[in-house]
Amino acid sequence: MAKRIDVKDLNIYYGKFHAVDGVTLSVPPRSVTAFIGPSGCGKSTVLRSLNRMHEVIPGARVEGDVLLDGQNIYASAVDPVQVRRTIGMVFQRPNPFPTMSIRDNVVAGLKLAGVRNKSQLDEVAERALRGANLWNEVKDRLNRPGGGLSGGQQQRLCIARAIAVRPDVLLMDEPCSALDPISTLAIEDLITELKKDYTIVIVTHNMQQAARVSDQTAFFNLAGVGQPGRLVEIDDTEKIFSNPTQKATEDYISGRFG
Amino acid sequence: MSESSATPTPAGASVDSGNTGVGGRVPSADTTPEGPISAQPVTGNKTKVRPGDRIFRGLTTGSGVLVVVLIGLIGLFLLVQAIPSIGLDQVNFLTSREWSTNDPANLRFGILDLLLVTVATSVVALVIAMPVSLGIALFLTQYAPPKLARPFAYAVDLLAAVPSIIFGLWGLYVLAPQLAPIASWLNDTLGFIPIFADGNVSSEIGGTIFTAGVVLGIMLLPIITSLTREVFQRTPVAQIEGALALGATRWEVIRTTVLPFGKAGYISASMLGLGRALGETIALTIILLAPSTTFGGSIFDGGATFASKIASASSEFNDPRSVGAYITAGLVLFLLTFLVNFAGRAIVSGKKEYR
Amino acid sequence: MTTATLDVNQPATPPAFQHLSTGRRVKNGIATALVWLAFLVAVIPLVWVLVSVLARGAHMVANADWWQQSLGGLLGDDVGGGVYHAIYGSLVQSLMCAVIAVPIGLLVAIYLVEYGRGRLAKATTFMVDILSGVPSIVAALFIYAMWITTLGFNRSGFAVSLALVLLMLPVVVRSSEDMLRLVPDELREASYALGIPKWKTIVKIVIPTALSGILTGIMLALARVMGETAPVLVLVGYSGYINYDLFSGEMASLPLLMNSERVSNPSPIGTDRIWGAALTLVIIIALFNLAATLLSRLVAPKKK
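Reading guide: rules and limits
Residues numbered from 1 in each chain as written. Chains lettered and ligands numbered in written order. Predicted model: local features only at pLDDT ≥ 70, side-chain atom pairs only at ≥ 80, totals over all residues. Heavy atoms only, no water. Core = buried A, V, L, I, M, F, W, Y, C linked by side-chain atoms within 4.5 Å. Buried < 20%, exposed > 50% of the residue type's maximum accessible area, 1.4 Å probe, protein only. Helix = DSSP H or I, 4+ residues; strand = E, 2+ residues; numbered from the N terminus. Domains from an automatic or database assignment. Contact = heavy atoms within 4.5 Å. Buried area = accessible area lost by both parts, 1.4 Å probe. Salt bridge = Lys/Arg side-chain N within 4 Å of Asp/Glu carboxyl O. Polar contact = N/O pair within 3.5 Å; in protein donor to acceptor, adjacent residues only side chain to side chain. Nonpolar A, V, L, I, M, F, W, Y, C, P; charged D, E, K, R; others polar. 1 Å grid on protein atoms, 1.4 Å probe; cavity = no way out; pocket = protein on both sides within 12 Å on 5 of 7 lines; lining within 4 Å. Points joined across faces, edges and corners; volume = space filled by probe spheres on them. Patch = residues over 30% accessible without salt bridge, like charges linked within 9 Å, V, L, I, M, F, W, Y side chains within 5 Å. Areas by Shrake-Rupley, 256 points an atom, 1.4 Å probe, with all protein chains shown as cover. UniProt positions renumbered as here; feature names shortened; annotations may be inferred.

As for the nonpolar core
A general tendency of soluble globular proteins is for nonpolar side chains to be buried together.
Here is step 1: Formed by 247 residues in total, the largest nonpolar core has its most connected members in Ile166(B), Ile143(C), Met168(C) and Leu235(C).
Here is step 2: A per-element tally of this core places helix α4 (residues 84-115) of chain C first, with 15 residues.
Here is step 3: Each of two domains, domain 1 (25-62) and domain 2 (67-299) of chain C, supplies a minimum of three residues to this core.
Here is step 4: Counting residues in each nonpolar core, the second largest holds 46 residues, with Ala128(A), Leu179(A), Ile202(A) and Val232(A) among its members.

Shown next as structure tokens:
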């Protein structure tokens, strides 16, 4: 299942605007990598480019390579739809499908891909919900709408939905920024558990969160106003937070800017 | 990241390729959703668009094109069938006031009278509908108690749901007798002004441009109101609060913020109302009597508009040459409404604040 | 009411503040009064029209025969008969119109919201606006010129349906477009991120989310075209008998029945029939509006 990601000299453009400049990094399998940095530094853009979600935005394009276990997801014969099936994503705000029940939300990815077998779907739903630590809370109301859950539960439902298609990698774009502290804790615990099976990349504004959940941390920054964002440094989380190589990283982490 | 930073991309960039699904190995994707991409060998370099996406994109885009083509077709078909009849016309079709199409060998038709009556009814309607609609829009956005604003707006919208044939019947048989005293008062007091002079229709029955205009005005109320209301609602709260903070009364707030902000929207809405008025058919066919008389310039005349002329002759559409005369009238009406609607839309679409 | 509204504008504790000049106060009062008056001016005709139709048509509609018989074989001054032939015509013509206009309209709306970029999208939006301003008589003449004169078909209920398509299409596009735009992009993204292709995302996620609003729009558009008179005048002949065949022969509809009684039957019986048919039309339109509300509640995404 879990795979490694290698990003090589990645440049991202929105039309003529150069958004991210020359990012190179590696994410080992079964680990959590956190992207931190000030707003607008391109960390979410890089995250989205890891499963070609940036292509949803008109005008966005990418130069460089993103290798999933050695295979370039930007190779011309690769279908972005399939890339996304392999590399799942969880968003900032919980976004369950409002017309579907909890169960249908979880198995939406499979159902829409043509899986009809009810017992298989039920099995997947339970497995994914257990995996997202949500099973015990919702097992008695699987046929109720997903919109009736609390924010934290909805976000775990979205995680269950993402892992139900058995991706190799899970990308999380500030998954806790819309949640209260208790729900945040639940998600963080879940991330630590999911690490056993998945390669996880998480964008966060919360440095304590990065320190708590991640194995390695990448610090992004803007080269200047109107300049593209770039990767300043990436290292073991412990090292980044205790003894960063770059001055900019230290300034950011100690709260001197950003 | 943010959508706003996205700008159009130069040609050749991978725009939308994620949406359209540029890429290969389609069939396996749907059958083995859990299959990792690397499990399948990359097969060559042929980029293949997902068939589902290609078909769907084609269908929707085709429908968009269809709408554009449709408008062109309307103009084209009307033009093609109008031209031969204009050629056969024994009088000038723009300036003549005659309309005789019974003898296809001797077509005599001119649109001048139709144009004058059409414009006259529309003007009467706008004179009534514009101030009232403005009032209603202000009422609904600024005055009505918030809880009641929605049901009140719904009531005004219901006016638009009443079919125009019912407005026509009501206008001639119910409203016109009630309007008779007002009409004769206007006629008596202001008769020296040509537009209020004696008309060619009995004022007791009331099948006049005046009655038609009043009914049409009522029919325009929901149309003009709804767009005006929409624009008024978008008046920036900061402006309103700014005026309030200066100690302005509610009317002063409206005059200094809501009206200047919404003016263009109101004018545009009135243009769209005008477009609707020019083309209104059955209500005017019912109300306007004496459709074959010459328009004398008074609102107490009867007559026929483009639309009512066509509608009342429609049961006798037999000879293509005669029909061509009516299609000519229809073409002129189409162009007229096209221009008015175009102008109306152009006014709002030029305003960025309304987005 | 006027004074109540004025009070809102008064400072909370008057003595401590500047006094409003009388002129300003009077102007404000006049404006308030005029604005309320304008609203009443709109409501009075609505109520008046409905009451008139009800008062003049109720005794016709109250008879069970009205709903079960046609006017076939009856003379202008024969009492009795009914309008089920016209109800049938109205419903079938509008339904056929919907069958054509709804899919096209929905596809256009999807194009504008999900795919439309650049010039074609702008042109389409603009043409939808123009189409919504095309007078019904012009739509009817266009179909006459195309379907009957050029293609050589006879007048029929189906020709009416085609003309109604032109009138219904822009309404369906506009309302569906608004509803599709209300669907948050987050849902689309969530779907793409699950590896669902764009077209499936639209069909299975976006449309179901917007469905309730789309259906409401369709029902209201349907109610609107049902009362259109100009197309039936031009494109189909009237018959007092029922005609089940949409594709050939004369076919009654409620507006057409009202108009032909108006034109050719000056007897009091004719007047009764006109108002009876008017009330029937109002009832059917009201039912469609009601159905629109119920349907939207039924289909709307549930919270709990």
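Moving on from the model shown.
So, the domain arrangement of chain C
In many reports, interface size means the accessible area that the parts give up when they come together.
Residue and element names in this part refer to chain C.
Here is step 1: Entries for chain C in the domain assignment read domain 1 (25-62) and domain 2 (67-299).
Here is step 2: Placing a centre on the C-alpha atoms of domain 1 and another on those of domain 2 gives a separation of 28 Å.
Here is step 3: If you look at the interface, domain 1 gives nine residues, while domain 2 gives ten residues.
Here is step 4: Here domain 1 and domain 2 share an interface that buries about 820 Å² over both sides, 81% of which is from carbon and sulfur atoms.
Here is step 5: It is Val53, Met60 and Val61 in domain 1 that bury the most area against domain 2; as a group they hold 60% of the surface buried on that side.
Here is step 6: The tally of links between domain 1 and domain 2 comes to zero salt bridges.
Here is step 7: At the junction of domain 1 with domain 2, the criterion picks out two residue pairs in polar contact (both at pLDDT 80 or more).
Here is step 8: Class assignment for the residues of the side of domain 1 that touches domain 2 results in six nonpolar, two polar and one charged.

A closer look at empty space enclosed by the protein
Residue and element names in this part refer to chain C.
Here is step 1: This model, assessed by the stated rule, comprises two cavities of 30 Å³ or more.
Here is step 2: As a volume, the largest cavity reaches approximately 70 Å³.
Here is step 3: Forming the boundary of the largest cavity are Ser90, Gln93, Ser94, Val160, Leu164, Val225, Met226, Glu228, Val232, Ser253 and Pro255.

Here's the deal with the environment of Ser132(C)
Here is step 1: Mapping Ser132(C) onto the fold places it in helix α5 (residues 118-132).
Here is step 2: Leave out the neighbours within four places in its chain, and Ser132(C) touches Arg345(B) and Pro170(C).
Here is step 3: Engagement of the side chain of Ser132(C) in a polar contact is seen with the backbone oxygen of Asp129(C), the distance being 2.6 Å.

Quick look at a nonpolar patch on the surface
Here is step 1: A contiguous nonpolar surface patch, about 430 Å² in accessible area, is contributed by Val26(C), Ile30(C), Leu34(C), Leu37(C) and Val41(C).
Here is step 2: Mapped onto the elements of the fold, Leu34(C) is located in helix α2 (residues 22-61).

Quick look at the UniProt feature "transmembrane region" (unreviewed entry) in chain B
Residues and elements named next belong to chain B.
Here is step 1: Within this structure's numbering, the places UniProt gives as "transmembrane region" (unreviewed entry) are residues 64-87, 107-140, 152-176, 205-224, 281-300 and 323-348.
Here is step 2: Between the end C-alpha atoms of residues 107-140 there is a gap of 52 Å, over a span that is 85% helix and 6% strand.
Here is step 3: Helix makes up 92% of residues 152-176 and strand 0%. Its end C-alpha atoms lie 27 Å apart.

Observations regarding the layout of surface pockets
Here is step 1: Put simply, the second largest pocket is a space of about 860 Å³.
Here is step 2: Lining the second largest pocket are 41 residues; nearest its centre among them are Ser312(B), Ala313(B), Ser314(B), Ser315(B) and Glu316(B).
Here is step 3: Broken down by secondary-structure element, the contributors of at least two residues to the lining of the second largest pocket are β1 (99-100), α6 (164-190), α10 (282-287), α11 (306-313) and α12 (320-349) of chain B together with α10 (230-235) and α11 (254-264) of chain C.
Here is step 4: Looking at the lining of the second largest pocket residue by residue, the class counts come to 21 nonpolar, 15 polar and five charged.

Regarding the UniProt feature "domain: ABC transmembrane type-1" (unreviewed entry) in chain C
Here is step 1: Per the UniProt record, the feature "domain: ABC transmembrane type-1" (unreviewed entry) sits at residues 87-296 of chain C.
Here is step 2: Along residues 87-296 of chain C one finds 80% helix and 0% strand; the C-alpha atoms at either end are 25 Å apart.

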